[in-house]
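Overview (structure and organization)
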Amino acid sequence: MFPVSQLFNAGRTITCKCGKLTPSHLWGFCSFPCHSAAEVVRKGAAKKQVIKKHTKERTPCQQVLDVFDQQYSQDLGDLWASARSLLLDPRSWQYGVMLNRFTAGTDVRQILQSQGFSMFLPPTEVSTRLSDASEKQTGKDSLMSTRGVSTCPPVDSHPQCDSTSHVLSQDLQSELFLTSPRPSLQCYIHPYPHRFPSQPHRPGQLKQYYLLNAASLLPVLALQVKDGEKVLDLCSAPGGKALAIMQCATPDLLCCNEPDPHRRNWLTKTLESFLPHSQHNKVIVSAQDGQCFGQSEAVTYDKVLVDAPCSNDRSWLYSSSSQQGEQRLKERAGLPTLQTRLLKSALSLVRPGGLVVYSTCTLSNSENYAVVETVLRDCPEAEPEDLWEEIAIPYSKHFAFGPAYPGHGQTSHHRLGILVVPQPGKTWGPMFLSRIRKRT
């Protein structure tokens with residue numbers, strides 16, 4: 001385990017070994033002023049206009065598209081035509097805006113609502129509690145003001161933030177966190193394709209929101225994390241699902257594992273940007289190979305998330321060159337083996353009665369249902385759970401769920417997992433998730 005601040009500041013390569021992990025503090029910052037959503041929105045809009053003039057429209061990699069056409073037309077049937085058109089049109093991609101419960105984001109909510117965003121999940125009392133406290137703290141210059149709490153420049157410039165602006169103090173944020181009711185996962189989505197401006201990473205400052213494909217929250221919801229549990233995010237970078245876990249609950253321990261140094265640095269910056277000092281003893285970063293994590297880790301976890309490396313359909317379609325596309329397609333055949341090993345490793349780490357959620361962002365049956373089938377066949381202690389009524393039915397307004405796995409009945413399909421397929425009027429991102437309970 002490594003403190004996040006140490007990883008981020010040192011910028012050195014760390015050799016990943018399978019050794020026993022010792023919990024350590026995440027990091028230690030003195031204060032966490034937060035970004036101004038209003039300022040980011042204004043500057044983001046201006047920057048967007050400049051980018052439009054200079055950005056060349058991306059073109060898909062034909063080699064990858066040909067393989068997808070052949071495979072997904074068989075796997076998805078009539079759904080593939082519309083999914084294909086959406087994946088090939090970046091202007092149609094949607095992003096959810098997940099609020100950070102460790103900052104007071106009243107101004108973010110107002111801006112989102114004014115732009116036509118709505119809540120993807122029902123709110124809890126936490127958002128109201130934070131809003132009330134921030135208004136008392138700032139008075140007339142509260143976060144309701146469109147001026148925001150601080151003035152931060154876009155990511156490609158370096159002026160200092162306005163230190164005269166009112167901010168929610170670290171002590172108050174910690175107090176709110178300790179006294180608030182159950183944590184709230186708050187995510188806003190737009191009925192039409194729309195991307196909210198991103199906030200730049202600023203050391204020592206908390207961001208108010210995180211942009212992500214809203215479908216990425218489904219595996220976290222399926223994980224059902226509760227306060228006081230020990231949770232492992234086995235393939236954690238870039239960190240969006242780890243952040244979502246911390247929005248849902250207050251685990252006793254969240255271990256974020258990422259063996260690749262570059263991606264681990266990315267993960268560290270993400271955690272640094274969203275989690276306050278009060279969480280330093282709850283979140284740790286590991287650099288182990290997830291395939292052998294279970295051979296050396298002494299901790300038994302209540303919940304394990306395996307958001308596995310996969311043939312990411314969207315990014316693969318836009319491979320930077322035909323050579324990169326060809327290389328990715330060659331590597332694709334080996335992914336199910338890697339994914340199977342990761343899922344088996346997760347099962348070895350979870351306690352009897354605990355849960356493992358396996359997820360990918362690909363439509364590939366060989367990386368989704370087939371991986372789960374293999375693990376269930378080889379691991380008699382693993383029992384799949386039906387997510388259809390818990391996830392598919394309640395969220396059918398926002399997501400289109402795919403057909404049954406070829407060769408299996410509908411009941412078997414539901415037991416193995418559920419597949420989100422990009423469709424018009426729904427969120428764009430492919431997502432597969434399966435939940436497995438370890439028998440007692």
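Residues numbered from 1 in each chain as written. Predicted model: local features only at pLDDT ≥ 70, side-chain atom pairs only at ≥ 80, totals over all residues. Heavy atoms only, no water.

1. Let's talk about the environment of Lys269
Structurally, Lys269 can be placed in helix α10 (residues 261-274). Among the residues examined, Lys269 registers a relative accessible area of 30% and is labelled partly exposed. Each C-alpha atom of the pair Lys269 and Gly239 lies 9.0 Å from the other, and the pair is 30 residues apart in sequence. (Helix = DSSP H or I, 4+ residues; strand = E, 2+ residues; numbered from the N terminus. Buried < 20%, exposed > 50% of the residue type's maximum accessible area, 1.4 Å probe, protein only.)

2. Section: the pattern of salt bridges
Two side chains carrying opposite charge are able to pair once their charged atoms lie near each other. Evaluated as defined, the whole model comprises 14 salt bridges. Notably, a salt bridge pairs Asp69 with Arg84, separated by 2.7 Å at the nearest N-O pair. One end of the pair, Asp69, is in helix α3 (residues 62-76); the other, Arg84, is in helix α4 (residues 79-87), with 15 residues separating them in the sequence. Here the salt bridges do not stand alone but share partners, grouping Glu385, Glu390, Arg435 and Arg437 into one network. (Salt bridge = Lys/Arg side-chain N within 4 Å of Asp/Glu carboxyl O.)

3. Here's the deal with the sheet that holds strand β3 (residues 187-189)
Pairing in this open sheet of four strands is antiparallel, and the strands run β2-β3-β1-β4 from one edge to the other. One side of each edge strand has no neighbouring strand; the edge strands of this open sheet are β2 (118-119) and β4 (209-212). Summarising the sheet, β2 and β3 pair through two bridges and their orientation is antiparallel. Its bridge partner being in β3, Ser118 is matched across the sheet by Ile189. (Pairing = 2+ DSSP bridges.)

4. Describing the side chain of Thr362
By the element assignment, Thr362 lies in the loop between β9 (350-360) and α15 (369-378). Side-chain polar atoms of Thr362 contact the side chain of Tyr72, separated by 3.2 Å. Discounting chain neighbours no more than four positions away, the residues touching Thr362 are Tyr72, Cys310, Ser311, Asp313, Arg332, Glu367, Asn368, Leu419, Pro430 and Phe432. (Polar contact = N/O pair within 3.5 Å; in protein donor to acceptor, adjacent residues only side chain to side chain. Contact = heavy atoms within 4.5 Å.)

5. Here we look at the packing of α3 against helix α13 (residues 322-332)
Axis separation between α3 and α13 bottoms out at 8 Å; the angle between their running directions is 40°. Packed against α3, whose contacting residues are Gln63, Val64, Val67, Phe68, Gln71 and Tyr72, the element α13 presents Ser322, Gly325, Glu326, Leu329 and Arg332 at the interface. Here the residues of the contact of α3 with α13 sort into five nonpolar, four polar and two charged. (Axes fitted to C-alpha atoms, helices over the stretch in contact; angles between N-to-C directions. Nonpolar A, V, L, I, M, F, W, Y, C, P; charged D, E, K, R; others polar.)

6. What to know about the side chain of Thr250
The topology assignment puts Thr250 in the loop between α9 (240-248) and β6 (253-257). Among the polar contacts made by the side chain of Thr250, one reaches the side chain of Arg101 at a distance of 3.3 Å.

7. A look at the pairing of strand β1 (residues 96-99)
Of the two faces of β1, the one carrying Gly96 and Met98 and the one carrying Val97 and Leu99 are both buried. Pairing between β1 and β4: four bridges, direction antiparallel. In the sheet register, Gly96 faces β4, and the bridge partner there is Leu212.

8. Considerations on the pairing of strand β12 (residues 431-438)
The side chains of a regular strand alternate, first on one face of the sheet and then on the other. Burial within β12 is extensive, with seven of its eight residues counted as buried. Bridge count for β9 against β12 is six bridges, and the pairing is antiparallel. When the bridges of β12 are listed, Leu355 appears paired with Arg437. One ladder, built from four bridges, connects strand β10 (residues 382-385) with β12; its direction is antiparallel. Pairing of Glu385 across the sheet is with Arg435, part of β12. The pairing of strand β11 (residues 418-420) with β12 spans three bridges and is antiparallel. Along β12, the bridge assignment pairs Val420 with Met431.

Nothing here speaks to function; it is geometry throughout.
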